[in-house]
Amino acid sequence: MALLIKNGTVINADQTLKADVLCDNGKIVAVGPDLDAPANAEVVDAAGQYVMPGGIDPHTHMQLPFMGTVASEDFYTGTRAGLAGGTTMIIDFVIPSPQQPLMEAYATWREWASRAVSDYSFHVAVTWWDDSVHEDMGRLVKEEGVNSFKHFMAYKNAIMAEDETLVNSFNRCLELGAMPTVHAENGELVYHLQQKLIAQGLTGPESHPQSRPSEVEGEAANRAIRIAQALGVPLYLVHVSCKEALNEIARARQEGQRVYGEVLAGHLEIDDSVYQNEDWGFAAAHVMSPPFRPKEHQAALWKGLQGGTLQTTATDHCCFCAEQKAMGKDNFSMIPNGTAGVEDRLMILWDSGVNTGRLTMNEFVAVTSANTAQIFNIYPQKGRIVEGADADIVIWDPTLEKTISAKTHHQNVDFNIFEGRTVKGAPSHTISHGKVVYANGELFVEEGAGRYIKRPSFSSPFTAQKRFNEVNAPSAVNRD
Ligand code: URQ
Ligand code: ZN
Ligand code: ZN
């Protein structure tokens, strides 16, 4: 059934226009003034509201097995919560155990994600190295539409990639036209500092940030950037949390190196005072890595986002409930690392970004959707309101006030790092595949409706645009 969105203002990263939007067969089929509704079309009146590309969250971990437990959010509940917050696509992570074949882990995650209610894709982590990893990376790019590979420089004795793996894998990314991405913390330093704090009997969650100070992130960010520079491969740094890492990216970009940075909504808004809270559970609920930082880092991250040193926003949505966090009751290094946010990101970025004047509405679209689509080579299929694009849309009511709370959020976790935060501006409708899946507080999702989105390698220029044109060529689009 067709859907016509009337009387709204379309916001793309590079344009603002009063226009109606007609969707049919899961695609945007027309954008323009005074469009007529086809017979039997559903019509949504978006007067006074903004019609934007649905959010893309490039960093989530649904049902991740990690630190002896499994994240409490699965692909069904997590993508459902995302739709309630205007996010219509996630890029999650396949994380093979060391020595586990990448293709085997990929098949497992694809099976888990089949319950998703919105579109999804996967970065694949390289957690070990041998010729079979080299081989599987090639299969994932050529056969499965994976164009990004993750490297955890932290988490020693678990999934940490040593320099040898970084060099081999980054080089393989270059051969394949894939984007290497990193979690940049020096895992050896973290391990050393953790042992030191524990030996001193400092086992509470307040020691978590002490074990991974911002210089530990700065070192790893610089190392990854220099390795990428030496090999001539681009680089994407996930969850940049501090000035030191930000400055390494700025220096590299200033030198013309192709380096991208991602920032989490949480790291933009929350500081390290949370770890001083005398409530153990409250402090532990904020244990994630990199940790929340002293206040001056939030200001620097906002400037980085405004100034283009950072290009994307994400959440690193990785949920653990109170009893899971309690696994680290006697030793902070055993507290499962992770916090939620997939439902809150757009509201936080709008309230702290657009409402404060830090971001224009166009920049909001860039950092919540379009830039991710471009960096990971699925633009303009995703990330733009344009004829031929997927009809993944958020209708944004700038007057709608909400108070964020674990009591009312759709995320399958008993804590919200933005608890009690009142925001102004929120989705009134979310549209996925041209269907209204969220309207005025109600969800209308279908388990398994989400599709796996292939992302072409970067080997040939304009791949995504070329594919977009092919798919949308008049002969290829069956207009009824
Ligand atoms: O490091 C990550 O990105 C995963 C394991 C989620 N946990 C976290 O603390 N960021
Ligand atoms: Zn990480
Ligand atoms: Zn992560």
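Now for a look at the structure at hand. (Residues numbered from 1 in each chain as written. Chains lettered and ligands numbered in written order. Predicted model: local features only at pLDDT ≥ 70, side-chain atom pairs only at ≥ 80, totals over all residues. Heavy atoms only, no water.)

### Points about the pairing of strand β11 (residues 87–94)
With 8 of 8 residues buried, β11 is to be regarded as a mostly interior element. Note: strand β8 (residues 55–57) against β11, 3 bridges, orientation parallel. In the strand pairing of β11, D57 is matched with I90. Inspection of the sheet shows β11 paired to strand β12 (residues 119–125) by 6 bridges, in the parallel sense. When the sheet's bridge partners are listed, I90 is paired in β12 with Y120. For the handedness criterion, the β-α-β arrangement of β11, helix α2 (residues 102–113) and β12 is classed as right-handed. (Buried < 20%, exposed > 50% of the residue type's maximum accessible area, 1.4 Å probe, protein only. Helix = DSSP H or I, 4+ residues; strand = E, 2+ residues; numbered from the N terminus. Pairing = 2+ DSSP bridges. Right-handed = clockwise from strand over helix to strand, strands pointing away.)

### Some thoughts on the environment of S333
When you line up the elements, S333 lands in the loop between α12 (322–325) and α13 (345–354). Sequence separation between S333 and V287 is 46 residues; the distance between their C-alpha atoms is 9.5 Å. Each residue touching S333, except ones within four places of it in the same chain, is listed here: M67, Q194 and I198. Within the structure, S333 has its side chain in polar contact with the side chain of N331 (distance 2.7 Å). (Contact = heavy atoms within 4.5 Å. Polar contact = N/O pair within 3.5 Å; in protein donor to acceptor, adjacent residues only side chain to side chain.)

### So, the coordination of the zinc ion (ligand 2)
Donor atoms from the polypeptide that coordinate the zinc ion (ligand 2) comprise H183 (ND1) and H239 (NE2), at 2.1 Å from the metal. Separating the zinc ion (ligand 2) from the zinc ion (ligand 3) is a gap of 3.6 Å. Here H239 lies in the loop between β15 (235–237) and α8 (243–254) and H183 lies in strand β14 (residues 179–183), a separation of 56 residues in the sequence. Judged on exposure class, the residue H183 and its partner H239 are both buried. (Donors = N, O, S within 2.8 Å, 3.2 Å for Na, K, Ca; no water.)

### Description of the pairing of strand β16 (residues 259–264)
The element β16 is largely enclosed, with a buried count of 6 among its 6 residues. Residues of β16 alternate between two faces, with V259, G261 and V263 on one and Y260, E262 and L264 on the opposite face, all of them buried. Of the pairings in the sheet, the one linking β15 to β16 comprises 3 bridges and is parallel in character. When the bridges of β16 are listed, L237 appears paired with G261.

### Quick notes on the coordination of the zinc ion (ligand 3)
At 2.0 to 2.3 Å from the zinc ion (ligand 3) lie its protein donor atoms, namely H59 (NE2), H61 (NE2) and D316 (OD). Considering all 4 donor atoms around the zinc ion (ligand 3), the spread of angles at the metal, 86 to 131 degrees, places the coordination shape in the tetrahedral class. Look at where the donors of the zinc ion (ligand 3) fall in the sequence and you get H-x1-H-x254-D. (Tetrahedral: all angles 85-135°; square planar, octahedral: opposite > 155°, others 65-115°.)

### Brief notes about the packing of aromatic side chains
All told, the structure shown has 15 aromatic pairs when counted by the stated rule. Between Y106 and Y452, the aromatic rings sit 6.2 Å apart at their centres with planes inclined by 75 degrees, giving edge-to-face as the arrangement. With Y106 in helix α2 and Y452 in the loop between β21 (442–443) and α15 (463–471), this residue pair connects regions lying 346 residues apart in the sequence. Owing to a relative accessible area of 4%, Y106 belongs among the buried residues under this scheme. Note on Y120 and Y452: the rings are 6.1 Å apart at their centroids and 50 degrees apart in plane angle, and the pair reads as tilted. Of this pair, Y120 sits in strand β12 while Y452 sits in the loop between β21 and α15, placing them 332 residues apart in sequence. (Phe/Tyr/Trp six-rings, centres within 6.5 Å; stacked < 30°, edge-to-face > 60°.)

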